[in-house]
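Single-letter residue listing:
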Number of protein chains: 4
Amino acid sequence: MEKKRVAILGATGAVGQEFVQSLEDHPWFTVTQIAASERSAGKKYIDAIRDDSGIVGWEIGGEIPPYITDMMVKSIDQVDVSQLDLVFSAIESGAARDIETKFAADLPVISTSSAYRYEEDVPILIPGINDEQADLLDTQKKNRNWKGWVAPLPNCTTTGLAITLKPIYEKYGAKKVRMTSMQAISGGGRSPGVSAMNITDNIIPYIPKEEEKVRIETRKILGKLKDGKIIDADIKVSATCTRVPILDGHTESVAVETEDEIDPAKAKALFDESNRNSSVAGLPSAPDEYYAFHEDPTRPQPRLERPVGDGMTTTIGRVEKEDLFDNGLKYMLFSHNKKMGSGKGAVLLAEMLLKKGKI
Amino acid sequence: MEKKRVAILGATGAVGQEFVQSLEDHPWFTVTQIAASERSAGKKYIDAIRDDSGIVGWEIGGEIPPYITDMMVKSIDQVDVSQLDLVFSAIESGAARDIETKFAADLPVISTSSAYRYEEDVPILIPGINDEQADLLDTQKKNRNWKGWVAPLPNCTTTGLAITLKPIYEKYGAKKVRMTSMQAISGGGRSPGVSAMNITDNIIPYIPKEEEKVRIETRKILGKLKDGKIIDADIKVSATCTRVPILDGHTESVAVETEDEIDPAKAKALFDESNRNSSVAGLPSAPDEYYAFHEDPTRPQPRLERPVGDGMTTTIGRVEKEDLFDNGLKYMLFSHNKKMGSGKGAVLLAEMLLKKGKI
Amino acid sequence: MEKKRVAILGATGAVGQEFVQSLEDHPWFTVTQIAASERSAGKKYIDAIRDDSGIVGWEIGGEIPPYITDMMVKSIDQVDVSQLDLVFSAIESGAARDIETKFAADLPVISTSSAYRYEEDVPILIPGINDEQADLLDTQKKNRNWKGWVAPLPNCTTTGLAITLKPIYEKYGAKKVRMTSMQAISGGGRSPGVSAMNITDNIIPYIPKEEEKVRIETRKILGKLKDGKIIDADIKVSATCTRVPILDGHTESVAVETEDEIDPAKAKALFDESNRNSSVAGLPSAPDEYYAFHEDPTRPQPRLERPVGDGMTTTIGRVEKEDLFDNGLKYMLFSHNKKMGSGKGAVLLAEMLLKKGKI
Amino acid sequence: MEKKRVAILGATGAVGQEFVQSLEDHPWFTVTQIAASERSAGKKYIDAIRDDSGIVGWEIGGEIPPYITDMMVKSIDQVDVSQLDLVFSAIESGAARDIETKFAADLPVISTSSAYRYEEDVPILIPGINDEQADLLDTQKKNRNWKGWVAPLPNCTTTGLAITLKPIYEKYGAKKVRMTSMQAISGGGRSPGVSAMNITDNIIPYIPKEEEKVRIETRKILGKLKDGKIIDADIKVSATCTRVPILDGHTESVAVETEDEIDPAKAKALFDESNRNSSVAGLPSAPDEYYAFHEDPTRPQPRLERPVGDGMTTTIGRVEKEDLFDNGLKYMLFSHNKKMGSGKGAVLLAEMLLKKGKI
């Protein structure tokens, strides 16, 4: 198979850098164009990520992938869509709407922004969870008279919740879910991102709009595609989202009420089975285990879980019956907000959509 | 009034040091004896808290109260109960049972340990919350044929939850509560306490026995004293307790289902009223405001709340209707685990009991 | 004595808030006017420090002093100098030059900015260290044909170094000093200040221009005023300045070569004597002890030293002979960058200058 | 070549776990026996590292190497030296002396403990730095009438200093060095290790004995082997060692006085040349680059440097002329205390000694 030619929009920012890293030596995709703001256009990538004092802002750590170092950064307008098969958009939400609209006219666009998430003909896709909703992309294309489509990822806090709820919802019927998150600093972005004066030895108990996003997105992701639209899942979702002094990875404390009786042993069997049947198993960016289920009560711990599956595995622990409800479960989860919840998750989505023939 | 003569048992440990500080220049109590392990007995306090290399372990920060510096530390056996009116026990739980039993034969004992918390004739008292349960101390005294009694504080994680639930429970009828805590490092004690390798940039999702303590203690504290025993409150409590990299002060995310309709405005009025009617108002260790209620969604924050009311005020914020339930509220609270939840809380309890004539 | 009427310029920023706090209930000064940018002008202080979402940005913690809450914020242009005796400037360096120039034409200006520090007729004053250089303010006034003058504080990293070197320099003749700093996050300001992604679990080994400032300012502060100008001290200063994940307070590791023999015992005697003879002793903002000298090798520790003397005491510990040099000493110091090194230090400077009759 | 059979003594502790990890799939060594305290003896490794509550203490993160999981842990006495070619000792210093003596009678012992470091016939070896001192092992063997020898690594704080000084010392003649360290929490060990209450938002300015170790070891490592003994380098070393809230990796601020003129450009050339000529280049545990030299003034940063060369590369940055001295340099270095400074460094040492024919 010839590699698909992809562009990264917003390639110099934090999410853009994750795309750059996730696409290094990719077996199916090759980055042929990169674009960023006017300020960066016309520079080599290495120079575009330098700050005013000449310091290179490759903030993921480790080495910058050699393939990108000398690639020339274009302005958004200079991107040549005729030479592309796919676009990854790491554009920040304000500008994302217009730019993604423009590119979707010609090409598939996979995005980490929220610009299109809440449109009726746009699915919010998590590869391995609601792949069947991808068919809505065909409707979208037709509706809008585009040659491409826009497929957004969910908010990174929704990701872990929806991933862990999905098998429970399907098999035991989840009715209500109460979640408290302890979110990582990196979720607040860079430049400037979260201020150290605010978060050191502190908790910020509020992240604007986050709880509403989790509620709406979870219901849509767990919903069913029917007659060209998604019927939201009939589940009540209540979230309290907080920021804690953790670098990477979101931890969430979840209590879920189910229709049918569930207990830790059934949950373990369920996630084991889900691992075996994972629809993304074997894809280049998929982890060996989609779920890691721990009986050791000291897991999940952010520092221990981050490297598991290169950040693409979702960890579940502290699983117990939830006695508040007639039937239900409580558990804690860990989801890597900069990997499965961001750039590398988007690349896995592209792999799934390519395999499905959507790209 | 002549000052009551008090002893501090376990005066050299972390909780003992809080007692030392909370009792400095106290208008009602004067520390006349201090006791600790054999290792410390016979030394001046300042020498007893030195480590092997001669370094003074006054770990609260600030200056050691001058009144205690040269006071001689006794062994537990050397304490002269005939010269005392009251004992504060900061003994760690293993040894606490026997020692508190011995002292209660002669004297009132106020304790931070869990040794007696779950006995039928022992109330778990939070001053300002369930003062009326103090009458059970008379029963206890009679039952056991003691001249004194033991009055334990709750676990520090229960403290904030019970304090905030109490007015809601009384006025709106709380039926179910779901709580996720983010607890401070200082709750894990010292020597060695929580390891920096475990908690830096990390969350430990499990604190042994904590969730069970919160469940049992909350029901007892909110219960009613009737015919010489406490009828537990009819409320389901589910807790997930975690340790986060915060020095002092526990933050809790709470969702509570109520019998009657409640909303943020009603909650604000309720806590305002509770402040006005606080039974501990005016006591020497009581804060100006028992509750701090914030409409600013970025509160509570541990670093900002710690100094409020010198750690004796409980903070409530992020108050919203909880849509999971027909009637209910969600909110976040902050409670200072080393102040209201520990030594100074015990001193406030002593003040309340003295005022009530129990001491 | 009637209180002097003072204005705070830049009252809404981080340094401005320190001035607001340091001047609460001040016995000699009363804040009668406050000014900030156009964006804040015309608002009450409490409203001027709200952010776009209505959240109050009183970031020092604790309560906002009631005296300031409803005071109206003026624009810089609206300040009425005819009703003032003194101005405190917390203006950031870019704009400080012009604004301070304008006010100095009419009034004494005490500033935390670097705008005027390196002018020949401007002393860099640390109260208690180089008070005699204050006479240069008269020269400055005359030179510039002003009614007032500008008196800047040094950079907060210079503060602790100069304070501890001064007695050594005077008595034992310091020739060379090598310093490595571990500076607090709060030194990087707010909005946005240091990014949590950069400093959590990390050290930033570079603070632009800081080392040069320390070098130049230390030599000037230790210098002698002669014939209307300051002759820099003949001391070589080499500094390496780093940022570490500490909220408040700068720690510095110092090695100093002296002319004459010095050892820890002599150093202790020297700082004891300096405490007894402190020129600022008894001033309202001065600490009980100007220097805290520790023989306990585990001091200074930022968390323990911050509250000492309400941040106005400079701590010295780990004092040993420096064997690299024929004569010399090594030690560590702690200086509170947001107190003695900033707003409250500036207020102490004002007190000293008032006592000296310069205001 | 047949793989050498090695044992790990103290295999269950923090350093022992590093050995386990560093020897996974090693091309030259195969772990055939592991030993620990009586408490662990007779258990599978996976069970030996469980704590009382059954939780696995694999604290390096990531997965436990499968080769070790079910290997049976022996007591020290049960180790069969007749089936071994080499022993790695991760024994803590108290017991290390006797145990290493016992094993050295039969076998080469490579150790991370300080037990033998200061003996006249024992070199302190850093592979790539003072390989020629390995000849002293032959003398040691003969002196002591052993079949083996003991080869200890230096203290982890010495490691980075000696590694960076070596080329400067050889080419430019270092006379004096002043170093201030900012050391990682992990250097304080585990169980209990550094207390989070002590180090969070804090600096501990003192690490017992550390400064003396750095002084003595650096002079020995830079010394010359002559007539069967090491003549210490004629260099004065002064160190101030502090603990900072950083998980892994020691940062050091260094000023060195040299005989001959040196500047940043010469230093860069020197370290480039040292990289090209590295005596350990190509060994299985050696990094691609022994030294990483940065002109970007924001390096080294612990979080960015840790993964470089899998922790085996030493980073140098902030290189400037040191104006305090006639000739000299100042710089900052980063050295990974749990990799090059510990288990993996010991494995690299074994590789070097095997290549040299000492094993």
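Residues numbered from 1 in each chain as written. Chains lettered and ligands numbered in written order. Predicted model: local features only at pLDDT ≥ 70, side-chain atom pairs only at ≥ 80, totals over all residues. Heavy atoms only, no water.

Identification of chain A as aspartate-semialdehyde dehydrogenase from Cenarchaeum symbiosum is taken from an unreviewed UniProt entry.

Counting from both sides, the interface comprises 47 residues of chain B and, opposite them, 47 residues of chain A. Note on chain B versus chain A: buried area summed over both sides is about 3700 Å², and carbon and sulfur give 56% of it. When the area that chain B buries against chain A is broken down by residue, the three leading residues are B:Asp201, B:Arg303 and B:Leu324, summing to 20%. On the surface where chain B and chain A come into contact, there are six salt bridges. B:Arg178 serves as the salt-bridge partner of A:Glu322, at 3.4 Å between the closest nitrogen and oxygen. The interface formed by chain B and chain A includes 28 residue pairs in polar contact (both at pLDDT 80 or more). Among the elements that make up the side of chain B that touches chain A, the one with the highest residue count is strand 10 (residues 236–243) of chain B (seven residues). Of the residues assigned to the side of chain B that touches chain A, the class counts are 22 nonpolar, twelve polar and 13 charged. (Contact = heavy atoms within 4.5 Å. Buried area = accessible area lost by both parts, 1.4 Å probe. Salt bridge = Lys/Arg side-chain N within 4 Å of Asp/Glu carboxyl O. Polar contact = N/O pair within 3.5 Å; in protein donor to acceptor, adjacent residues only side chain to side chain. Helix = DSSP H or I, 4+ residues; strand = E, 2+ residues; numbered from the N terminus. Nonpolar A, V, L, I, M, F, W, Y, C, P; charged D, E, K, R; others polar.)

A separate point is the relation of the copies chain B and chain A. For the pair chain B and chain A, the best superposition has an RMSD of 0.0 Å and corresponds to a rotation of 180° with a translation of 0.0 Å parallel to the axis. This pairing of chains is accounted for by a two-fold axis. Most of the interface of chain B is mirrored in chain A, where 100% of its interface residues are also at the interface. (Least-squares fit on C-alpha atoms with pLDDT ≥ 70 in both.)

For the rest of this paragraph, the subject is the interface of chain C and chain D. If you look at the interface, chain C gives 47 residues, while chain D gives 47 residues. Regarding the contact of chain C and chain D, the summed buried area is about 3700 Å², with carbon and sulfur atoms giving 56% of it. Its largest share of buried area at the contact with chain D, chain C owes to C:Asp201, C:Arg303 and C:Leu324, together 20% of the area lost on that side. One can count 28 residue pairs in polar contact (both at pLDDT 80 or more) joining chain C with chain D. If you list the elements that add at least two residues to the side of chain C that touches chain D, you get strand 7 (174–183), helix 7 (196–199), strand 10 (236–243), strand 11 (250–258), helix 10 (302–305), strand 13 (314–321) and strand 14 (328–335) of chain C. With seven residues, the single largest contributor to the side of chain C that touches chain D is strand 10 of chain C. Across the side of chain C that touches chain D, the residue classes tally to 22 nonpolar, twelve polar and 13 charged.

Quick look at the pairing of strand 10 of chain B now. Residue and element names in this part refer to chain B. Across the eight residues of strand 10, seven count as buried, placing the element largely inside the fold. Sheet topology places strand 7 (residues 174–183) next to strand 10; eight bridges connect them, and they run parallel. Looking at the pairing, arginine 178 lines up with serine 238 of strand 10. (Buried < 20%, exposed > 50% of the residue type's maximum accessible area, 1.4 Å probe, protein only. Pairing = 2+ DSSP bridges.)

With that out of the way, let us pick up helix 9 (residues 264–276) of chain C. Residues and elements named next belong to chain C. Between the first and last C-alpha of helix 9 there are 18 Å, a value that for 13 residues agrees with the 18 Å anticipated at 1.5 Å per step. Among the residues of helix 9, Ala267, Leu270, Phe271, Ser274 and Asn275 are the ones counted as buried. The arc that holds the buried residues of helix 9, viewed along the axis, is 140°, so those residues lie on one side. Along helix 9, the residues that are exposed and aim more than 90 degrees away from the buried face are Ala265 and Arg276. On the buried face of helix 9, the contacting elements are helix 6 (156–172), strand 12 (291–293), strand 13 and strand 14. (Expected span 1.5 Å × (residues − 1). Arc of directions from axis to C-beta.)

A word on the sheet that holds strand 2 (residues 29–36) of chain A. Residues and elements named next belong to chain A. Taken in spatial order, the six strands of this open sheet run 3-2-1-4-5-6, and their pairing is parallel. Pairing within the sheet leaves two strands with one partner each, and these edge strands are strand 3 (73–75) and strand 6 (149–152). Ignoring strand direction, the axes of neighbouring strands in this sheet form an average angle of 30°. With four bridges connecting them, strand 1 (residues 4–9) and strand 4 (residues 86–89) associate as parallel partners. Along strand 4, the bridge assignment pairs alanine 7 with valine 87. (Axes fitted to C-alpha atoms, helices over the stretch in contact; angles between N-to-C directions.)

Next up on the list: helix 9 (residues 264–276) of chain A. Elements that come into contact with the buried residues of helix 9 of chain A comprise helix 6 (156–172), strand 12 (291–293), strand 13 (314–321) and strand 14 (328–335) of chain A. With a side-chain oxygen lying 3.1 Å from the backbone nitrogen of A:Ala265, the N-terminal cap of helix 9 of chain A falls on A:Asp263.

Moving on, we get to the relation of the copies chain C and chain D. Take chain C, turn it by 180°, move it 0.0 Å along the axis, and it overlays chain D with an RMSD of 0.0 Å. Taken together, the interface assignments show that 100% of the residues at the interface of chain C recur at the interface of chain D, consistent with an identical surface on both copies.

As a further point, take the state of the cysteines. Residues and elements named next belong to chain C. The full count for this structure, using the stated rule, is zero disulfides over all chains. The thiol of cysteine 241 is unpaired, and the distance to the nearest cysteine sulfur, on cysteine 156, comes to 9.5 Å. Taking relative accessible area as the criterion, cysteine 241 reaches 0% and is therefore assigned buried. (Disulfide = S-S within 2.5 Å.)

Residue and element names in this part refer to chain A. Per the UniProt record, "active site" (unreviewed entry) is annotated on Cys156 and His250. In terms of the greatest pairwise C-alpha distance, the residues named above, spread along 95 residues, form a tight cluster of at most 8.2 Å across. Secondary-structure assignment places cysteine 156 in helix 6. Aside from chain neighbours lying at most four places away, what touches cysteine 156 is His250, Asn337 and Gly341. Here histidine 250 is to be found in strand 11 (residues 250–258). Sequence-distant contacts of histidine 250, defined by excluding residues within four places in its chain, comprise Cys156, Thr157, Met182, Gln183, Ala184, Gly187, Leu333, Phe334, Ser335 and Asn337. Polar side-chain contacts of histidine 250 include one of 3.0 Å to the backbone nitrogen of alanine 184. (UniProt positions renumbered as here; feature names shortened; annotations may be inferred.)

Glancing now at the sheet that holds strand 10 (residues 236–243) of chain A. Paired through backbone hydrogen bonds, the strands of a sheet run either parallel or antiparallel to each other. Residues and elements named next belong to chain A. Here we have six strands laid out as an open sheet, ordered 10-7-11-14-13-12, and mixed in their pairing. One side of each edge strand has no neighbouring strand; the edge strands of this open sheet are strand 10 and strand 12. Geometrically, the sheet is characterised by an average inter-axis angle of 20° between neighbouring strands, direction not taken into account. Here eight bridges tie strand 11 to strand 14, and the two strands are oriented antiparallel to one another. From the neighbouring strand, glutamate 257 faces strand 14, where its bridge partner is glycine 328.

All names here are of chain A. One can read the domain layout of chain A as domain 1 (4–153 + 343–355) and domain 2 (156–335). Contacts between the two partners involve 30 residues from domain 1, matched on the other side by 26 residues from domain 2. Each partner contributes to the roughly 2500 Å² buried at the junction of domain 1 and domain 2, and carbon and sulfur atoms together form 63% of this total. The tally of links between domain 1 and domain 2 comes to three salt bridges. A salt bridge links arginine 117 to glutamate 217, with the shortest nitrogen-to-oxygen separation between them at 2.9 Å. One can count 13 residue pairs in polar contact (both at pLDDT 80 or more) joining domain 1 with domain 2. At the level of elements, helix 5 (136–144) and helix 11 (343–355) are the ones that each hand at least two residues to the side of domain 1 that touches domain 2. In terms of residues, the side of domain 1 that touches domain 2 owes the most to one element, helix 11, which gives seven residues. (Domains from an automatic or database assignment.)

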